[in-house]
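Here is what each chain is made of, one letter per residue.
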Amino acid sequence: MLTLSGQRPVHTLLGHALPAAYDQLIELAPRAPLRPAGERATAPVVRRCGEYQPRHGVIEAFARIASGDRLTALAFRLELGADARWRCAAIDLGPLAQGMSHGS
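Criteria and thresholds
Residues numbered from 1 in each chain as written. Predicted model: local features only at pLDDT ≥ 70, side-chain atom pairs only at ≥ 80, totals over all residues. Heavy atoms only, no water. Helix = DSSP H or I, 4+ residues; strand = E, 2+ residues; numbered from the N terminus. Buried < 20%, exposed > 50% of the residue type's maximum accessible area, 1.4 Å probe, protein only. Contact = heavy atoms within 4.5 Å. Areas by Shrake-Rupley, 256 points an atom, 1.4 Å probe, with all protein chains shown as cover. Pairing = 2+ DSSP bridges. Axes fitted to C-alpha atoms, helices over the stretch in contact; angles between N-to-C directions.

**Student:** Summarise the overall build of the protein; cite the residues concerned and give the values.
**Tutor:** Along the protein, the regular secondary structure elements total two helices and four strands. Overall, the protein shows an N-to-C arrangement of helices and strands of α-β-β-β-β-α. Evaluated residue by residue, the protein yields a buried proportion of 32% over its 104 residues. When contacts within the protein are restricted to residue pairs at least 6 apart in sequence, long-range pairs at least 24 apart make up 40% of them. As displayed, the protein offers around 6600 Å² of accessible surface, 55% of which is attributable to carbon and sulfur atoms.

Now the structure itself:
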């Protein structure tokens, strides 16, 4: 959330994301899709989150992020590595991210 709101650089996630997810973050981060708009904007806040564990070592999670007056859904997948560390394997901001990747 800090990276996608422009508060932290992408490289802070090295080692916390698998290559495909890191590539997604590299593409999304410069646009800061979770940055609140307006002069009096505050940092984004997690309003709700949940998870589903389809099998051992995999968590598919979602969060509702409030950014100013905008509410955004964030979905992500975590995978447990052989080194017993959880890493982000995929991230999805839905239509927001798709619209941004086509030159918005």
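**Student:** Before we move on, can you summarise the environment of G94 with the specific residues and values?
**Tutor:** Take G94: it is sitting in the loop between strand 4 (86-92) and helix 2 (95-100). What makes G94 buried here is its relative accessible area of 16%. For the pair G94 and A73, spaced 21 residues apart in sequence, the C-alpha separation works out to 7.3 Å.

**Student:** Can you explain the sheet that holds strand 3 (residues 70-80)? Please cite residues and give values.
**Tutor:** Judged by pairing direction, the sheet is antiparallel, and its four strands sit side by side in the order 1-2-3-4 without closing on themselves. The open sheet terminates on both sides in strands that have one partner only, identified here as strand 1 (45-55) and strand 4. Taking each pair of neighbouring strands and ignoring which way they run, the sheet shows an average axis angle of 25°.

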